[in-house]
Amino acid sequence: MSTALPPATSGRDVHWMFAPSTRIGWWALAMLAAGVVLMLVPNLIWGPGPPHTGTMLATAAGFLAILASPILTGIAMIRRGERSILLLVICALLTAFVLVFFIDEAFVEGAP
């Protein structure tokens, strides 16, 4: 029975799982971050109350940016060979959360 250790992995092998390696992958991550900022910051500044035009525009832009993020992630993974598992998981989970939140606010909360 051999007690040989498995080959050592370099830092590069571990790095590819977390940070995006393509430009499109970095764009997807940037769109996701910008969308979260655009959706949260105006609401934190103006607080609850009647919606302002700026708040609604920023929230809509943030929503579209978050929806664009998994599209860019899919393009990066299919066409450019992106292998960032973290990027895929974050984009999928956050987009699902935003869609559920949007559907809840648009259709369930507004129902009489």
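Residues numbered from 1 in each chain as written. Predicted model: local features only at pLDDT ≥ 70, side-chain atom pairs only at ≥ 80, totals over all residues. Heavy atoms only, no water.

Side note on the packing of helix α2 (residues 23-46) against helix α3 (residues 53-79)
For step 1, the next point in the chain: With their axes 7 Å apart at the nearest point, α2 and α3 run at an angle of 160° to one another. The orientation of α2 relative to α3 falls into the category roughly antiparallel. Crossing geometry of α2 relative to α3 is assigned as left-handed.
For step 2, the next point in the chain: Across the contact of α2 with α3, the residue classes tally to 19 nonpolar, 9 polar and no charged. (Axes fitted to C-alpha atoms, helices over the stretch in contact; angles between N-to-C directions. Helix = DSSP H or I, 4+ residues; strand = E, 2+ residues; numbered from the N terminus. Parallel < 35°, antiparallel > 145°, perpendicular 65-115°, else oblique. Left-handed = near helix turned anticlockwise from the far one by under 90°. Nonpolar A, V, L, I, M, F, W, Y, C, P; charged D, E, K, R; others polar.)

Quick notes on the side chain of T95
For step 1, the next point in the chain: If you trace the backbone, T95 turns up in helix α4 (residues 85-108).
For step 2, the next point in the chain: Judged by relative accessible area, which is 7%, T95 ranks as buried.
For step 3, the next point in the chain: Within the structure, the side chain of T95 is placed 2.6 Å from the backbone oxygen of C91, a separation counted as a polar contact.
For step 4, the next point in the chain: Discounting residues that sit within four places of it in the chain, T95 has contacts with I66, L67, P70 and I90. (Buried < 20%, exposed > 50% of the residue type's maximum accessible area, 1.4 Å probe, protein only. Polar contact = N/O pair within 3.5 Å; in protein donor to acceptor, adjacent residues only side chain to side chain. Contact = heavy atoms within 4.5 Å.)

With respect to the nonpolar core
For step 1, the next point in the chain: Ranked by size, the top nonpolar core spans 7 residues in total: L32, M39, F63, I66, L87, C91 and V98.
For step 2, the next point in the chain: When residues of this core are traced back to their parent elements, those giving at least two are α2, α3 and α4.
For step 3, the next point in the chain: Per-element tally for this core: the top contributor is α4, with 3 residues. (Core = buried A, V, L, I, M, F, W, Y, C linked by side-chain atoms within 4.5 Å.)

Describing the layout of surface pockets
For step 1, the next point in the chain: Roughly 550 Å³ of volume is contained in the largest pocket.
For step 2, the next point in the chain: In terms of lining, the largest pocket is formed by 24 residues, of which the most central are M39, N43, T59, F101 and E105.
For step 3, the next point in the chain: Only α2, α3 and α4 provide two or more residues apiece to the lining of the largest pocket.
For step 4, the next point in the chain: Sort the elements by how many residues they give to the lining of the largest pocket and α4 lands first, with 7 residues.
For step 5, the next point in the chain: Classifying every residue of the lining of the largest pocket gives 16 nonpolar, 7 polar and 1 charged. (1 Å grid on protein atoms, 1.4 Å probe; cavity = no way out; pocket = protein on both sides within 12 Å on 5 of 7 lines; lining within 4 Å. Points joined across faces, edges and corners; volume = space filled by probe spheres on them.)

A word on a nonpolar patch on the surface
For step 1, the next point in the chain: On the surface, V37, L40, V41, L44, I45 and W46 cluster together to form a nonpolar patch covering roughly 630 Å² of accessible area.
For step 2, the next point in the chain: A relative accessible area of 48% means that V37 is categorised as partly exposed. (Patch = residues over 30% accessible without salt bridge, like charges linked within 9 Å, V, L, I, M, F, W, Y side chains within 5 Å. Areas by Shrake-Rupley, 256 points an atom, 1.4 Å probe, with all protein chains shown as cover. Salt bridge = Lys/Arg side-chain N within 4 Å of Asp/Glu carboxyl O.)

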